[in-house]
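# Working through the structure, step by step
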Amino acid sequence: MFALTFLGTSASVPSVERNHPALLVEAAGKRILVDCGEGTQRQLLRSGAGFRQLDRILLTHGHLDHVLGIPGLFSTLGLRQTSDVMTVHAAPSTLDIVVRMLAGLWGAGRAPIPVAFAPLSEGQVIDAGDFTIDCFPVRHRDTDSFGFSFQSPARRHLLPERLASLSVPDGPMRGELAAGRPVVIAGRTIDPEDVLGPPGGGRKLVVVGDTETTDGLSRHVADADMLVIEATFLDRDAATARDYGHLTATEAASFAAANNVKQLVLVHMSGRYEDEEILAEATRVFPNTRIAADFDRIVI
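In what follows, the accompanying structure is described. What you see is a predicted model, and the numbers here were worked out from it, not measured in a lab. Each chain has its residues counted from 1, following the order in which its sequence is written. Owing to the predicted nature of the model, reporting of local features is limited to residues with pLDDT of at least 70; listing and counting of side-chain atom pairs is limited to 80 or more, with chain, interface and lining totals taken over all residues. The basis for every side-chain value is the complete set of non-hydrogen atoms in the structure, without hydrogens or water.

### Examining the overall build of the chain
- A tally of helices and strands in the chain yields nine helices and 16 strands.
- Summarising its shape, the C-alpha atoms of the chain cover approximately 70 × 50 × 35 Å along the three principal directions.
- The rule is simple: take the accessible area with a 1.4 Å probe, protein chains only, and divide by the maximum for that residue type; under 20% is buried, over 50% is exposed, in between is partly exposed. Of all 300 residues assigned to the chain, the portion counted as buried reaches 50%.
- Only the protein chains shown count as cover for residues, and the accessible areas themselves come from Shrake-Rupley with a 1.4 Å probe. When the accessible surface of the chain is summed, it comes to about 13700 Å², and 50% of that surface belongs to carbon and sulfur atoms.
- Between the centroid of the 28 positive side chains of the chain and the centroid of its 37 negative side chains there is a distance of 6 Å. Helical segments are the DSSP runs of H or I of at least four residues, strand segments are the runs of E of at least two, and each set is numbered from the N terminus. Charge counting treats Lys and Arg as positive and Asp and Glu as negative, with His and both chain ends excluded. Charge placement uses NZ in Lys and CZ in Arg. For Asp and Glu, CG and CD serve respectively.

### Overview of unusual backbone geometry
- Not every positive phi belongs to a glycine, and Asp35 is a case in point at roughly 70°.
- Relative to the assigned elements, Asp35 resides in strand S3 (residues 30–36).
- We classify Asp35 as buried; its relative accessible area is 4%.

### Examining the layout of surface pockets
- Reported here for the largest pocket is a volume of approximately 260 Å³.
- Points on a 1 Å grid, built from protein atoms alone, make a cavity when a 1.4 Å probe fits but cannot get out and make a pocket when they are open with protein on both sides within 12 Å along at least 5 of 7 lines; residues with an atom within 4 Å of a point are the lining residues. Every residue lining the largest pocket is counted, 17 residues in all, and those nearest its centre are Ala11, Ser12, Thr232, His246 and His268.
- Partitioned by chemical class, the residues of the lining of the largest pocket number five nonpolar, eight polar and four charged.
- Grid points are joined across faces, edges and corners, and a volume is the space filled by probe spheres set on the points. For the second largest pocket, the calculated volume is near 190 Å³.
- Considering the residues around the second largest pocket, the lining is formed by 14 residues, among which Ser15, Glu17, Arg18, Met269 and Asp275 are closest to the centre.
- Its residues placed into classes, the lining of the second largest pocket shows six nonpolar, four polar and four charged. All residues other than Ala, Val, Leu, Ile, Met, Phe, Trp, Tyr, Cys, Pro, Asp, Glu, Lys and Arg, Gly among them, are scored as polar; the first ten of these are nonpolar and the last four charged.

### A word on the pairing of strand S13 (residues 226–230)
- Counted residue by residue, S13 has five buried out of five residues, so it is predominantly covered.
- Burial along S13 is two-sided: Met226, Val228 and Glu230 facing one way and Leu227 and Ile229 facing the other are all buried.
- Should DSSP find at least two bridges between two strands, the strands are taken to pair. Summarising the sheet, S13 and strand S14 (residues 263–267) pair through five bridges and their orientation is parallel. Among the inter-strand pairings, Glu230 is bridged to a residue of S14, identified as Val267.

### Overview of the sheet that holds strand S2 (residues 22–27)
- Strand order in the open sheet formed by seven strands is S6-S5-S4-S3-S2-S1-S16, and the pairing between neighbours is mixed. Two strands close off the open sheet at either side, each with one partner strand: strand S6 (115–119) and strand S16 (297–299). Strand-to-strand twist in this sheet, taken as the mean axis angle between neighbours without regard to direction, amounts to 20°.
- Two elements, strand S4 (residues 54–58) and strand S5 (residues 86–90), share three bridges in a ladder whose sense is parallel. Each residue of the ladder has a partner; that of Arg56, found in S5, is Thr87. Under this scheme, a helix contributes an axis fitted over its contacting stretch, all axes are lines through C-alpha atoms, and angles between N-to-C directions fall in the 0 to 180 degree range.

### Brief notes about empty space enclosed by the protein
- In total, this model carries one cavity of 30 Å³ or more according to the counting rule given.
- In this structure, the largest cavity is lined by 19 residues; those nearest its centre are Gly8, Pro21, Ala22, Asp35 and Val267.
- Those elements that provide at least two residues to the lining of the largest cavity are strand S1 (3–8), S2, S3 and S13.
- Tallied by class, the residues present in the lining of the largest cavity amount to nine nonpolar, seven polar and three charged.

### Some points on helix H8 (residues 249–258)
- Buried within H8 we find Ala249, Thr250, Ala252, Ala253, Phe255 and Ala256.
- A contact between two residues is defined here by any heavy atoms of the two lying within 4.5 Å. Summarising the contacts, the buried residues of H8 are in contact with helix H6 (218–221), S13, S14 and helix H9 (275–283).
- Asn260 lies just past H8 and shows a positive phi near 60°.

### What about the environment of Ala178?
- Tracing the sequence through the fold places Ala178 in helix H5 (residues 172–178).
- Look at Ala178 and you get partly exposed, because its relative accessible area is 43%.
- Residues Ala178 and His157 lie 21 residues apart in sequence; the distance between their C-alpha atoms is 6.9 Å.
- Excluding its chain neighbours within four sequence positions, the residues that come into contact with Ala178 are Leu158 and Leu196.

This is the structure:
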């Protein structure tokens, strides 16, 4: 299960309703920020999520609307005297921006909290056991950008009716079978295959930040339970979208439809449009689309 809290859903200019980009992803007791726009620390408080167990930030790219919230967040965590190490994952060029930003405030190599910097390259970022995070390159103007794929594995669960028919008692024996190991009961060997159902329950969440094209992204997005992606412009302004390195709502929806995505969530909203316009354009192509608002919470 992945729980998403949208902390900032605006494009580069915030509005009264929408803050700069930031997304909190929670899974298996871990809490991870994807991007940290200006004001993210306040959005964490307003959402009720708070700062507990927050020890990792994934940055899609180094444009300031996606990273300017880091100093404020770190300062507040320092005042709260957190001792946890905050790991920042980003492309080397993006990490350079963050390192120089922090050095300008606190001096080279210093910060209010312990910080580790982890440069990204395509492939696995984290294996947390209950889920993994992979990253993949994304094209957006002059940046080294990455998208992120969160995946939880499909699991096989014990079938109660089979356990009962084979007289497997509650307790450690069932744990052994669930772990894939046979057990012996009254001289009979019971194999896991005798009591396990088919694989199920795996989930795939893909988060793409700013991007000027979806070319080359299909293999990372295919069959996702949810795709979170920008839709900064409408199709009537496609030429402007190209100039600024962004997608239109039609392009995002067409991409979701072509890759068997189950649900599409649009972010990075421009204040030049009404939400209803964006949603109408996207749902004509891909009906299972929603526009995220700040503080929306979605569980998959």
